[in-house]
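One letter stands for each residue in the lines below.
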Amino acid sequence: MPVVIGVRFNRAAKVYYFDPAGFENLTTGEYVVVETSRGEEAGKVVIPPRHVSDREIVGQLKSVRRRADALDLTQMAYYQHKERDALMRCRQKVQEHGLPMKVVRAEYNYDGNRLVFFFIAEKRIDFRKLVQDLARSFRAHIELRQIGVRDEAKLLGGIGRCGLPLCCSTWLTEFSPVSIRMAKQQDLPLSPMEISGLCGRLLCCLAYENDYYAEAKQKLPKRGKVIDTPHGRGKVVQVNVITETVQVELESQVTVEVSHQELAALDQRTRQAPAPRRRRRRRSKS
């Protein structure tokens with residue numbers, strides 16, 4: 001069975017798998033220099049060497065070149081420190097070229113040979129002259145990568161509505177589809193101000209509890225349904241998914257709160273109760 005390791009190049013970024021190629025004693029937290037489709041990169045080992053089946057491997061795995069040494073780590077820290085200055089210079093160049101784009105992040109690779117600028121734009125832009133200008137200015141291989149507003153929030157970070165750092169910038173590695181139907185499922189207000197994140201899109205956390213709400217609502221009666229309760233017959237006026245209870249307005253106009261367990265027990269007793277026997281009518285003799 002082949003052996004692989006998992007490497008992450010940025011915080012909260014996707015994990016990529018590589019062939020240890022003789023470095024099977026690598027441990028979590030170590031930095032390695034690996035071969036990628038864009039050349040050499042330095043990344044952090046987040047999954048130590050482990051055996052996987054051949055079916056789990058798609059294509060040919062790139063290999064680990066070496067452990068990152070002190071010089072590699074020093075270079076990486078040095079160029080990370082220069083990224084802010086590179087960002088400001090790039091923004092100035094964009095203004096000089098009069099391009100309708102917003103540059104949000106600059107990233108060097110570990111040895112400074114490649115510099116990537118992430119930008120947002122409403123449409124496609126011809127930035128070939130800008131790339132040439134940047135290459136002369138930074139003397140490195142330049143890449144301009146267009147991203148969306150969610151990627152911008154992931155790169156820049158911030159504080160969410162919950163008061164905690166954004167999920168996408170701390171631990172969320174991939175964006176899952178989020179729909180307005182999830183907000184309806186959780187009985188949330190449909191105001192964009194209430195269910196949108198810093199990026200202006202629907203909150204990613206709407207997807208976290210959606211499956212629970214869907215499962216819980218299947219067990220509880222819907223609002224407006226007339227049901228039997230231990231207190232009598234009435235109409236459901238409110239459903240609380242978190243506590244798995246419903247509020248029922250009885251025929252006496254008294255409102256009571258009934259749990260899912262009480263309704264289930266009542267239903268069980270109703271099913272087990274013997275059916276009333278029907279009396280046979282005697283035929284009259286003519």
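Our structure is the block above this text.
Residues numbered from 1 in each chain as written. Predicted model: local features only at pLDDT ≥ 70, side-chain atom pairs only at ≥ 80, totals over all residues. Heavy atoms only, no water.

Enquirer: Break down the packing of aromatic side chains for me, with residues and values.
Expert: For the structure shown, the criterion picks out 8 aromatic pairs. A connected cluster of aromatic rings, assembled from ring pairs, spans F9, Y16 and F18. Lying across the ring of F138, R89 places its NZ or CZ 4.2 Å from the centre. The side chain of K154 reaches across the aromatic face of F175, ending 6.0 Å from its centre. (Phe/Tyr/Trp six-rings, centres within 6.5 Å; stacked < 30°, edge-to-face > 60°. Lys NZ or Arg CZ within 6 Å of the ring centre and 35° of its normal.)

Enquirer: Can you lay out the packing of helix α1 (residues 70-97) against helix α2 (residues 128-138) for me, pointing to particular residues and giving the numbers?
Expert: Here α1 crosses α2 at 140 degrees, and the two axes come no closer than 10 Å. In terms of axis orientation, α1 runs oblique to α2. At the point where α1 passes α2, the crossing takes the right-handed sense. Across from A86, R89, C90, K93, V94, E96 and H97 in α1, the residues of α2 making contact are K129, L130, D133, L134, S137 and F138. (Axes fitted to C-alpha atoms, helices over the stretch in contact; angles between N-to-C directions. Helix = DSSP H or I, 4+ residues; strand = E, 2+ residues; numbered from the N terminus. Parallel < 35°, antiparallel > 145°, perpendicular 65-115°, else oblique. Left-handed = near helix turned anticlockwise from the far one by under 90°. Contact = heavy atoms within 4.5 Å.)

Enquirer: Which residues make up helix α7 (residues 210-219), and what values do they have?
Expert: Within α7 the residues assigned to the buried category are N210, Y213 and A216. When α7 is viewed along its axis, its buried side chains cluster within an angular range of 130 degrees and face the same direction. Along α7, exposed side chains directed more than 90 degrees from the buried face belong to D211, E215 and Q218. Packed against the buried residues of α7 are α5 (180-185). (Buried < 20%, exposed > 50% of the residue type's maximum accessible area, 1.4 Å probe, protein only. Arc of directions from axis to C-beta.)

Enquirer: Account for the sheet that holds strand β4 (residues 39-51), with residues named and values stated.
Expert: One open sheet holds the 5 strands; their spatial order is β2-β1-β4-β3-β5, and the pairing between them is antiparallel. What marks the edges here is a single partner per strand, and that holds for β2 (16-18) and β5 (64-67). The average angle at which neighbouring strand axes cross in this sheet is 45 degrees, direction not considered. Strand direction decides the pairing type here: strand β3 (residues 31-36) and β5, joined by 3 bridges, are antiparallel. For V33, the partnering residue across the bridge sits in β5 and is R66. Each of β3, β4 and β5 touches α1; the most contacted strand, β3, lies at about 80 degrees to it. (Pairing = 2+ DSSP bridges.)

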